[in-house]
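Close look at the chain arrangement
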Amino acid sequence: MTKLQKILLYFSSNMVFFALINTTGRWVYGPLRNLIETELSDKWAKYRDQRIVNYDDTLEVLSKSGVFTHIERIIFPNIIELTPTELALFFLSTSYVTQYMDAIGTQAYHQDFLDKVLTASHDEKIKVNFDIHAYLGIKREMQSR
């Protein structure tokens, strides 16, 4: 059974489906990978929300809730191409980078980071992976009172 067939089966029965974009892993490919990882570790890391940094315990949380049975995660690769400017603006719009800019007290970082991205990218499109994590589960029947 394909991933899509599984999801369609869930929609046609007493099952629940929801999806999250995964932003926790290494997901920038090509010449900008080292730049992004360096900025992340040296400047942005302490401003990242722990829910992004910590182990993804979604399956465990759903299991412990008692609401669902037969819970599973299906991961769909979601690789898109961004221009260097789009990639820079994506990061500059995240909460952790804006908090970093607030902490250093200057908006000059905005242009500095954009310049670094443009220089390192050589105007090539950058592949970015925003995996989609789909969670499927069967909703437990309501107990009669």
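Just above, that's the structure.
The model shown is predicted, which means the values in this text are computed figures rather than measured ones.

We now examine the side chain of threonine 94. Tracing the backbone through its elements, the reader meets threonine 94 in the loop between helix H5 (84-92) and helix H6 (95-104). When its relative accessible area of 10% is taken as the criterion, threonine 94 is described as buried. Reaching out from threonine 94, the side chain makes a polar contact with the backbone oxygen of phenylalanine 91 at a distance of 2.7 Å.

The next subject is the packing of helix H2 (residues 33-44) against helix H7 (residues 108-121). Contact geometry of H2 with H7 gives a least axis separation of 11 Å together with a crossing angle of 155°. Between H2 and H7, the interaxial angle falls into the category roughly antiparallel. In this structure, H2 contributes Leu35, Ile36, Glu39, Lys43 and Trp44 to the contact, and H7 contributes Tyr109, Phe113, Lys116, Val117 and Ala120. Split into classes, the residues belonging to the contact of H2 with H7 amount to seven nonpolar, no polar and three charged.

Moving on to the pattern of salt bridges. Applying the stated criterion across every chain yields a total of four salt bridges. Salt-bridge contacts for lysine 43 lead to glutamate 39; the nearest nitrogen and oxygen are separated by 3.4 Å. Here lysine 43 and its partner glutamate 39 are both found in helix H2, four residues apart, which amounts to about one turn of the helix. The salt bridge involving lysine 127 is made with glutamate 81; its shortest N-O contact spans 3.4 Å. With lysine 127 in strand E4 (residues 126-129) and glutamate 81 in strand E3 (residues 79-82), this residue pair connects regions lying 46 residues apart in the sequence. Given the relative accessible area of 43%, lysine 127 is considered partly exposed.

Reading guide: rules and limits
Residues numbered from 1 in each chain as written. Predicted model: local features only at pLDDT ≥ 70, side-chain atom pairs only at ≥ 80, totals over all residues. Heavy atoms only, no water. Helix = DSSP H or I, 4+ residues; strand = E, 2+ residues; numbered from the N terminus. Buried < 20%, exposed > 50% of the residue type's maximum accessible area, 1.4 Å probe, protein only. Polar contact = N/O pair within 3.5 Å; in protein donor to acceptor, adjacent residues only side chain to side chain. Axes fitted to C-alpha atoms, helices over the stretch in contact; angles between N-to-C directions. Parallel < 35°, antiparallel > 145°, perpendicular 65-115°, else oblique. Contact = heavy atoms within 4.5 Å. Nonpolar A, V, L, I, M, F, W, Y, C, P; charged D, E, K, R; others polar. Salt bridge = Lys/Arg side-chain N within 4 Å of Asp/Glu carboxyl O.

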